[in-house]
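The chain contents come next:
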Amino acid sequence: MAEIVYLLCGLTSAACAVLLVRSYFATRSRLLLWSSLCFLGLAANNVLVFVDKVTAPQIDLSVPRSAIALVSMMILVFGLIWDAP
């Protein structure tokens, strides 16, 4: 059951990233750019969660997962601060 949840989280993050990128190209709003980059990183993080927990449980990927999540959140925070009205 956990494997399905990991996959659904990854697919949801990837779908959000795709929708945000499409909206960015339509409107050129920079906040959409920062949000889409964040969700791309979160999708990569969720893929690494699946690989870490299901595909290769003997390999510890917690540090790369945390680093990707941290960078993704920092991108979003940077975008929120940079584009503040």
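Above this note sits the structure.
Residues numbered from 1 in each chain as written. Predicted model: local features only at pLDDT ≥ 70, side-chain atom pairs only at ≥ 80, totals over all residues. Heavy atoms only, no water.

1. Considerations on the packing of helix H2 (residues 30–55) against helix H3 (residues 62–82)
Here comes step 1: Between H2 and H3, the shortest axis-to-axis distance is 9 Å and the interhelical angle comes to 170 degrees. The angle between H2 and H3 falls in the class roughly antiparallel.
Here comes step 2: Split into classes, the residues belonging to the contact of H2 with H3 amount to 17 nonpolar, six polar and four charged. (Axes fitted to C-alpha atoms, helices over the stretch in contact; angles between N-to-C directions. Helix = DSSP H or I, 4+ residues; strand = E, 2+ residues; numbered from the N terminus. Parallel < 35°, antiparallel > 145°, perpendicular 65-115°, else oblique. Nonpolar A, V, L, I, M, F, W, Y, C, P; charged D, E, K, R; others polar.)

2. What to know about the packing of aromatic side chains
Here comes step 1: A complete count under the given rule lists three aromatic pairs for this structure.
Here comes step 2: Taken together, a centroid distance of 5.5 Å and an interplanar angle of 55 degrees make the contact between tyrosine 24 and phenylalanine 25 tilted.
Here comes step 3: With a relative accessible area of 15%, tyrosine 24 lands in the buried category.
Here comes step 4: Ring geometry for tryptophan 34 and phenylalanine 78: centres 5.2 Å apart, planes at 85 degrees, overall edge-to-face. Here the residue tryptophan 34 occupies a position in helix H2, and phenylalanine 78 occupies one in helix H3, the gap between them amounting to 44 residues.
Here comes step 5: By relative accessible area, which is 41% here, phenylalanine 78 ends up partly exposed.
Here comes step 6: Aromatic rings pair up to connect Trp34, Phe78 and Trp82 into one cluster. (Phe/Tyr/Trp six-rings, centres within 6.5 Å; stacked < 30°, edge-to-face > 60°. Buried < 20%, exposed > 50% of the residue type's maximum accessible area, 1.4 Å probe, protein only.)

3. Brief notes about the environment of alanine 56
Here comes step 1: Looking at the element boundaries, alanine 56 is found in the loop between H2 and H3.
Here comes step 2: In the structure, alanine 56 is positioned 26 residues away from arginine 30 in sequence and 37 Å away in space, judged by C-alpha atoms.

4. Some points on unusual backbone geometry
Here comes step 1: A positive phi is found at arginine 28, a non-glycine position, where the angle reads about 60 degrees.
Here comes step 2: Summarising the element assignment, arginine 28 is placed in the loop between helix H1 (2–27) and H2.
Here comes step 3: Arginine 28 sits in the exposed class, given a relative accessible area of 52%.

5. Comments concerning the side chain of aspartate 52
Here comes step 1: Topologically, aspartate 52 is positioned in helix H2.
Here comes step 2: There is a polar contact of 3.1 Å between the side chain of aspartate 52 and the side chain of arginine 65.
Here comes step 3: Apart from the residues within four sequence positions on either side, aspartate 52 is in contact with Pro57, Ile59, Asp60, Leu61, Ser62 and Arg65. (Polar contact = N/O pair within 3.5 Å; in protein donor to acceptor, adjacent residues only side chain to side chain. Contact = heavy atoms within 4.5 Å.)

Geometric descriptors of this kind do not, in isolation, establish any biological role.
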